Amino acid sequence: MDKYQQVVEALLQFRDDRDWKQFHDSKNLALAISIEAAELNELFLWKNDSNSEDVKLEKLKEELADILSFSLLLAEKHQLNIFDIVLEKIQKNNEKYPVEKAKGTAKKYDEL
């Protein structure tokens, strides 16, 4: 069993042991991702550029784990392979952000 499948099975076991599947519809999983992302943002709130990288690594790991966990559960619910969908998105972004136009700029694709 690969590491990805091991993680997904551990998440499903954790969820099922607590009878939480009933709460894990797509809407609630999406909301949970958003809420956890807000908690990640909170780690950086009120920091200026010079200290924005100064965050507690343990808190960063916890918030990222929450976001990734809910993301994996949502992907599993819809039988999506996370590696495939990320690679598909990279390909779409390659088309939207060609290197010759996007290199070194943070402009959105419609501003290039």
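Before reading on, note that the structure itself is shown above.
Residues numbered from 1 in each chain as written. Predicted model: local features only at pLDDT ≥ 70, side-chain atom pairs only at ≥ 80, totals over all residues. Heavy atoms only, no water.

*Asks:* Any details on the overall build of the protein chain? Residues and values, ideally.
*Replies:* Within the protein chain one finds 5 helices and 0 strands. When the helices and strands of the protein chain are read in sequence order from the N terminus, they spell out α-α-α-α-α. Against the compact-globule benchmark of 13 Å for 112 residues, the protein chain has a radius of gyration of 18 Å, which places it well outside the compact range. Oriented by its inertia axes, the alpha-carbon framework of the protein chain measures out at about 50 × 35 × 30 Å. (Helix = DSSP H or I, 4+ residues; strand = E, 2+ residues; numbered from the N terminus. Rg over C-alpha atoms; globule rule 2.2 N^0.38 Å.)

*Asks:* How would you sum up the pattern of salt bridges? Please name residues and give values.
*Replies:* If charged atoms from side chains of opposite charge come close, those side chains can pair. Within the structure shown, the criterion is met by 4 salt bridges. For the salt bridge of glutamate 58 with lysine 61, the shortest nitrogen-to-oxygen distance reads 3.0 Å. Taken together, the residues span about one helical turn, with glutamate 58 and lysine 61 both in helix H3 (residues 57–77) at a distance of 3 residues. What makes glutamate 58 partly exposed here is its relative accessible area of 48%. Under the relative-accessibility criterion, lysine 61 is labelled partly exposed at 45%. (Salt bridge = Lys/Arg side-chain N within 4 Å of Asp/Glu carboxyl O. Buried < 20%, exposed > 50% of the residue type's maximum accessible area, 1.4 Å probe, protein only.)

*Asks:* Talk me through a nonpolar patch on the surface; I want residue IDs and the actual numbers.
*Replies:* A surface patch of nonpolar side chains, about 430 Å² in accessible area, is lined by Leu80, Ile85, Val86, Leu87 and Ile90. Counting through the fold element by element, leucine 87 comes out in helix H4 (residues 82–96). On the basis of relative accessibility, which here comes to 56%, the residue leucine 87 falls in the exposed class. (Patch = residues over 30% accessible without salt bridge, like charges linked within 9 Å, V, L, I, M, F, W, Y side chains within 5 Å. Areas by Shrake-Rupley, 256 points an atom, 1.4 Å probe, with all protein chains shown as cover.)

*Asks:* Account for the environment of leucine 72, with residues named and values stated.
*Replies:* Note that leucine 72 resides in helix H3. We classify leucine 72 as buried; its relative accessible area is 14%. In this structure, the C-alpha to C-alpha distance between leucine 72 and aspartate 2, residues 70 residues apart in sequence, is 15 Å. With residues near it in sequence (within four places) discarded, leucine 72 still touches Tyr4, Val7, Leu11 and Ile82. (Contact = heavy atoms within 4.5 Å.)

*Asks:* I'd like a description of the nonpolar core, backed by residues and values.
*Replies:* In terms of nonpolar packing, the biggest core is built from 9 residues, these being Tyr4, Val8, Leu11, Leu12, Leu29, Leu72, Leu73, Ala75 and Ile82. Among the secondary structure elements, those contributing two or more residues to this core are helix H1 (3–17) and H3. Residue contributions to this core peak at 4 residues, all from H1. In this structure tyrosine 4 touches Leu72, Leu80, Ile82 and Phe83, once residues within four positions along its chain are discounted. If you look at the next biggest cluster of nonpolar residues, it comprises 5 residues, including Ile33, Leu43, Val55 and Ile67. (Core = buried A, V, L, I, M, F, W, Y, C linked by side-chain atoms within 4.5 Å.)

*Asks:* Now, about a positive patch on the surface: what can you tell me, with residues and values included?
*Replies:* Together, Lys89, Lys92, Lys96 and Lys108 give the surface a local cluster of positive charge. Tracing the backbone shows lysine 92 in helix H4. Given a relative accessible area of 52%, lysine 92 falls into the exposed group. (Lys, Arg positive; Asp, Glu negative; His and termini not counted. Charge placed at Lys NZ, Arg CZ, Asp CG, Glu CD.)

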